[in-house]
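One letter stands for each residue in the lines below.
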Amino acid sequence: MEFKNFDSVVEQVVSIPQRRVVAVAGAADAEVIASVIDAYEQSVAEPILVGEKDKIISILQSMDKNPADYNVVQTIEGMDEAQTAVELIKSGDANFLMKGMIETASLLRPVVNKENGLRTGGVMSHIAFNSFSTYHKIIVNTDGGMMTYPTLEQKIDIVKNAVNTFHALGYECPKVACLCAIEKVNPKMPETVEADAIMRACENGELGNCFVAGPISYDVAMSADIAAHKGYNCEHCGNFDILLVPNIHAGNILGKTWTVSCKAKMAGLVVGARVPIVLTSRGSSAEEKFLSISLAGLVAARSEA
């Protein structure tokens, strides 16, 4: 299966019976609460609001919501909001996390703490899902938000994270393009050497059920006509699901180019931990938060099934 747009993602997550409960760390913020209420009222996910209970209740009342209709959890004494949210994951009361009005480092600190058991042994990475009018389906770029200058081993983990996420979403064999400036291996351009190594790792069955091409330039990856003109022989050009970028700068620039110049809708997750994490910026739109919750809920539910 493939998702053509975000509407189909929301339709899918609403239709499945598996539970989708998000622990929101630092929920005492009107915009954060508004985004999770939207998800709750559309049957996307049930929120557990973690933080200063009195403030959260006051915000709910200001929105004409009955606080008794929501699960509000006071930060556990001796813990911060993030650790309290992680405790809900550990106890099985929630199956994915969301960053509220707290620092990213504060949210991730208990996630990476080995004592909490949320690490899987590989790296955690960011995957940005995008939908825009000039491409026929949702496409991901990774990693433009977590790993700054990943090594070959870390890039392999980033690909595995993205592939595993797509498998959870229902894709049988996601198609991955390892982006570089050129399509041939050049020892003076390390990204091309690493892209070739990742492709060979896929061919050796080290990455799970997926297809990997690389090194490959953006234009060739995104257009079958350009690929044919350049003589790049790959049946999946113009139909990739995942674009692996060489570093955080490339991923950040690519993502912002799509959102600003292509008017793309975007949703993002941090993956590679035992549960998906909704980690949007404070400036993210309500729609971006809602779509990110939808994707995380679908991944969490399918991963438990």
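Please refer to the structure placed before this passage.
On a predicted model such as this, the values are computed, not experimentally measured, just so you know.

Can you tell me about the overall build of the protein, naming the residues and giving the values?
Along the protein, the regular secondary structure elements total 11 helices and 11 strands. Computed over the C-alpha atoms, the radius of gyration of the protein is 20 Å, within 12% of the 19 Å expected from 2.2 N^0.38 for a compact globule of 305 residues. Excluding contacts between residues fewer than 6 apart, the proportion of contacts in the protein whose partners are at least 24 apart in sequence is 69%. About 13300 Å² of surface is accessible on the protein, with carbon and sulfur atoms providing 50% of the total.

Now, about helix H4 (residues 81-91): what can you tell me, with residues and values included?
All buried positions along H4 are accounted for by Ala-82, Gln-83, Thr-84, Ala-85, Val-86, Leu-88 and Ile-89. Tucked inside the fold, the buried residues of H4 contact strand S1 (21-25), strand S2 (46-51), strand S3 (71-74), strand S4 (96-99) and helix H5 (104-112). At the C-terminal side of H4, Gly-92 shows a positive phi close to 85°.

Summarise the packing of aromatic side chains; cite the residues concerned and give the values.
Within this structure, the stated rule accounts for seven aromatic pairs. With a centroid separation of 6.3 Å and 35° between ring planes, the pair formed by Phe-132 and Tyr-135 is classed as tilted. Comparing Phe-132 with Tyr-135, the two get one shared label, buried.

Before we move on, could you go through the environment of Ala-128 and cite the residues and values that matter?
Here Ala-128 shows up in strand S5 (residues 125-131). It is 9.0 Å that separates the C-alpha atoms of Ala-128 and Gly-251, two residues lying 123 residues apart in sequence. Non-local contacts of Ala-128, meaning those with residues more than four positions away in its chain, are made with Ile-139, Val-140, Asn-141, Met-266, Ala-267 and Gly-268.

Quick one: what's the story with the side chain of Thr-280, residue by residue and with numbers?
On the secondary structure map, Thr-280 appears in the loop between strand S11 (277-278) and helix H11 (286-304). With near-sequence residues (within four places) excluded, Thr-280 lies in contact with Lys-99, Glu-288, Lys-289 and Ser-292.

Help me get a handle on the pairing of S1, residues and values and all.
Most of S1 sits out of view: five of its five residues are buried. Note that S1 and S2 share five bridges and pair parallel. Counted as the bridge partner of Ala-25 is Val-50 from S2. Each parallel crossover has a hand, and the one from S1 via helix H2 (residues 30-41) to S2 is right-handed.

Can you explain the pattern of salt bridges? Please cite residues and give values.
Throughout the structure, instances matching the rule amount to 12 salt bridges. Between Lys-65 and Glu-41 there is a salt bridge, with its nearest N and O atoms 2.6 Å apart. With Lys-65 in the loop between helix H3 (53-62) and S3 and Glu-41 in helix H2, the pair connects residues that are 24 residues apart, well separated along the chain.

Quick one: what's the story with the packing of helix H1 (residues 6-15) against H11, residue by residue and with numbers?
Taken N-terminus to C-terminus, the directions of H1 and H11 make an angle of 45°; their axes are 9 Å apart at the nearest point. Here H11 runs oblique to H1, going by the angle between their axes. As for the relative orientation of H1 and H11, their crossing is left-handed in sense. The residues of H11 that touch H1, namely those facing Phe-6, Val-9, Val-10, Gln-12 and Val-13, are Phe-290, Leu-291, Ser-294, Leu-295, Gly-297, Leu-298 and Arg-302.

Mind laying out the environment of Cys-210, listing which residues take part and the relevant values?
For Cys-210, the position within the fold is in the loop between helix H7 (190-203) and strand S8 (211-216). Separated by 187 residues in sequence, Cys-210 and Ala-23 place their C-alpha atoms 31 Å apart. Ignoring anything within four residues of it in the chain, the contact list for Cys-210 reads Val-163, Cys-173, Pro-174 and Cys-202.

Conventions we followed
Numbers given to residues run from 1 along each chain, matching the order in which its sequence is written. Note on the predicted model: pLDDT of at least 70 is required for a residue's local features to be given, and 80 or more for side-chain atom pairs to be given and counted; whole-chain, interface and lining totals, by contrast, use all residues. Note that water and hydrogens are dropped before the side-chain values are worked out from all heavy atoms of the structure. Secondary structure elements follow DSSP: runs of H or I of four or more residues count as helices, runs of E of two or more count as strands, with numbering from the N terminus. Only C-alpha atoms enter the radius of gyration; for comparison, a globular chain is expected to reach 2.2 Å times N to the power 0.38, where N is the number of residues. Residues are treated as being in contact if the distance between any of their heavy atoms lies within 4.5 Å. Note on areas: Shrake-Rupley with a 1.4 Å probe; residue coverage comes only from the protein chains shown. For every residue, the accessible area obtained with a 1.4 Å probe (protein chains only) is divided by the maximum for its type, and the residue is called buried under 20%, exposed over 50%, and partly exposed between those limits. Ring geometry is summarised as follows: Phe, Tyr and Trp rings, the Trp one being its six-membered ring, pair when their centres sit within 6.5 Å, and such pairs are stacked at plane angles under 30 degrees, edge-to-face over 60 and tilted between the two. Any two strands with at least two DSSP-identified bridges between them are counted as paired. Here a crossover is taken to be right-handed if, once the strands point away from the viewer, the path from the first strand over the helix to the second is traced clockwise. Between Lys or Arg on one side and Asp or Glu on the other, a salt bridge is scored when a side-chain nitrogen of the former is within 4 Å of a carboxyl oxygen of the latter. All axes here are fitted lines through C-alpha atoms, helices being fitted over the stretch that makes contact, and every angle between N-to-C directions spans 0 to 180 degrees. In these notes the angle categories are as follows: under 35 degrees is roughly parallel, over 145 is roughly antiparallel, 65 to 115 is roughly perpendicular, and the rest is oblique. The sense of a crossing depends on the near helix, which, turned anticlockwise from the far helix by less than a right angle, makes the crossing left-handed and, turned clockwise, makes it right-handed.

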